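# Chain and residue survey
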Amino acid sequence: MSDIRVLVVEDEPVASAAHAAYVGRMPGFALAGTAPDGQSALRLLAELAAAGQPVELVLLDMNLPDLHGLDIARRMRAAGILADIIAITAVREVAIVRSAVAIGVVQYLIKPFTYSTFADKLGSYRLFRQQLAAPAAGAGRAGASQSEVDQAFASLRAPSELPLPKGLSGSTLEAVKEYLKQQGSAVSATEVMTALGMSRVTARRYLEYLADAGTATRAPRYGTPGRPENEYGWNRS
């Protein structure tokens, strides 16, 4: 998968430079440009598309000097610009957040934030793109399966955004994560049970949690006696 071309739309020069530098540090992403206001952003998006270098992701501030971020998103869609949008803003009003989701904003990053948080969001977005691209690359595939679509959308949520279910502990979760990281191939709940000394049901709960969060991959394991079971691997993307 080629680098994802990113446009940073931010009116504060220091913040704009910081976000552009963050993009430059992220593997799998390339900075397509920066824009200080909505009109400049729309013009640059159109120019890059006409030049055969379309932007695929817009990091969009909601409060700009000329246009609100929601207006920019609407104008993008009306102009046929289908770049995904991650809102990077201090705006927290529920109505704005709901409108952003309705318009197709795929992530919402609230200022101030650290590079680690930024990297988590963009890493999740890249994984989302990779997982949707994988079925299309399969020979003779007409589309994605339900599980593939579920996995792709789950990857947009960072693990920290998913509340830990009742009965699961943070320390045990870390142990399961470390075990997955150390394995060269996907493992089953039975194998985790044996390695970490917990029941199979408990092991499966932790593995399902990690798969739903996009931290682990999940796929059916075939070729074993009895009912097929899922296998789980650390998501190294």
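Residue positions within a chain follow its written sequence, with the count starting from 1. Reporting in this predicted model follows two pLDDT cut-offs: at least 70 for local features of residues, and 80 or more for side-chain atom pairs to be given and counted; totals over whole chains, interfaces and linings ignore these cut-offs and use all residues. Heavy atoms throughout the structure, all of them, feed into the side-chain values; hydrogens and water do not.

## A short note on the overall build of the chain
This is how it is decided: Helix and strand definitions here come from DSSP, where helices need a minimum of 4 consecutive H or I residues and strands a minimum of 2 consecutive E residues; each element is numbered from the N-terminal end. Burial status follows relative accessibility: with a 1.4 Å probe on protein chains alone, a residue under 20% of its type maximum counts as buried, one over 50% as exposed, and anything between as partly exposed. Note on definitions: a residue-residue contact is assigned when non-hydrogen atoms from the two residues lie within 4.5 Å. Using a 1.4 Å probe, the Shrake-Rupley method yields the accessible areas, and only the shown protein chains count as cover for residues.
Secondary structure summary: the chain contains 9 helices and 8 strands in total. Here the chain, with 237 residues, has 43% of them falling under the buried criterion. Of the contacts made within the chain by residues no fewer than 6 positions apart, 64% connect residues no fewer than 24 positions apart. When the accessible surface of the chain is split by element, carbon and sulfur atoms take 55% of a total near 12100 Å².

## Remarks on the packing of helix α3 (residues 69–78) against helix α4 (residues 94–103)
As a reminder, the rule being used: The axes used here are C-alpha line fits, helices contributing only the stretch in contact, and every angle between their N-to-C directions lies in the interval 0 to 180 degrees. Each angle gets one of four labels, with under 35 degrees taken as roughly parallel, over 145 as roughly antiparallel, 65 to 115 as roughly perpendicular, and the rest as oblique. Left-handed describes a crossing whose near helix is turned anticlockwise from the far helix through less than a right angle; right-handed describes the clockwise counterpart. Each residue receives one of three labels: charged for Asp, Glu, Lys and Arg, nonpolar for Ala, Val, Leu, Ile, Met, Phe, Trp, Tyr, Cys and Pro, and polar for the others, Gly being one of them.
For the pair α3 and α4, interaxial distance at closest approach is 10 Å and the crossing angle is 10 degrees. Here α3 lies roughly parallel to α4, going by the angle between them. Here α3 and α4 pass one another in a crossing that is left-handed. In contact with Leu70, Ala73, Arg74 and Arg77 of α3, α4 contributes Ile96, Ser99, Ala100 and Ile103. Residues belonging to the contact of α3 with α4 are distributed by class as follows: 5 nonpolar, 1 polar and 2 charged.

## A short note on the nonpolar core
Formally: The term nonpolar core refers to a set of buried residues drawn from Ala, Val, Leu, Ile, Met, Phe, Trp, Tyr and Cys, joined through side-chain atoms within 4.5 Å.
Ranked by size, the top nonpolar core spans 27 residues in total, and within it Val9, Val58, Leu60 and Met76 carry the most contacts. Elements with a contribution of two residues or more to this core: β1 (4–9), α2 (38–50), β3 (57–60), α3, β4 (84–89), α4 and β5 (105–110). Membership of the second largest hydrophobic core comes to 19 residues, among which are Ile4, Leu59, Ile88 and Tyr125.

## Thoughts on the pattern of salt bridges
The line we're drawing: For salt bridges, the criterion is a side-chain nitrogen of Lys or Arg within 4 Å of an Asp or Glu carboxyl oxygen.
Taken as a whole, this structure holds 11 salt bridges when the rule is applied. Glu229 is the salt-bridge partner of Arg200, the closest N and O atoms lying 3.0 Å from each other. Placement of Arg200 in helix α9 (residues 200–213) and of Glu229 in strand β8 (residues 229–234) is noted, with a sequence separation of 29 residues between them. Taking the shortest distance from any N to any O, the salt bridge between Arg218 and Asp212 comes out at 3.3 Å.

## Section: the environment of Gly184
In this fold, Gly184 is placed in the loop between α7 (170–182) and β6 (187–188). On the basis of relative accessibility, which here comes to 87%, the residue Gly184 falls in the exposed class. Residues Gly184 and Gly233, 49 residues apart in the sequence, show an inter-C-alpha distance of 8.5 Å.

## Some details on the sheet that holds β4
The condition is simple: Think of it this way: DSSP has to see at least two bridges between two strands before they count as a pair.
Across the sheet, 5 strands lie side by side as β2-β1-β3-β4-β5; this open sheet has parallel pairing. Each of the sheet's edge strands pairs with one partner strand only, and the pair in question is β2 (29–35) and β5. Each strand of the sheet is rotated relative to its neighbour by a mean of 20 degrees, with strand direction disregarded. Here 6 bridges tie β1 to β2, and the two strands are oriented parallel to one another. From the neighbouring strand, Val6 faces β2, where its bridge partner is Leu31. Taken strand by strand, helix α1 (residues 13–25) contacts β1, β2, β3 and β4, and its axis lies near 165 degrees from that of β2. Along the sheet face, α3 touches β3 and β4 and points at about 170 degrees away from the line of β4.

## Concerning the pairing of β1
Just so we agree on the cut-off: Here, the term right-handed applies to a crossover whose path from the first strand over the helix to the second runs clockwise when the strands point away from the viewer.
Of all 6 residues in β1, 5 are buried; the element is thus mostly enclosed. Read as a crossover between parallel neighbours, the route from β1 over α1 to β2 is right-handed. Sheet analysis places β1 next to β3, joined by 4 bridges and oriented parallel. Across the sheet, Val9 pairs through a bridge with Leu60, a residue of β3.

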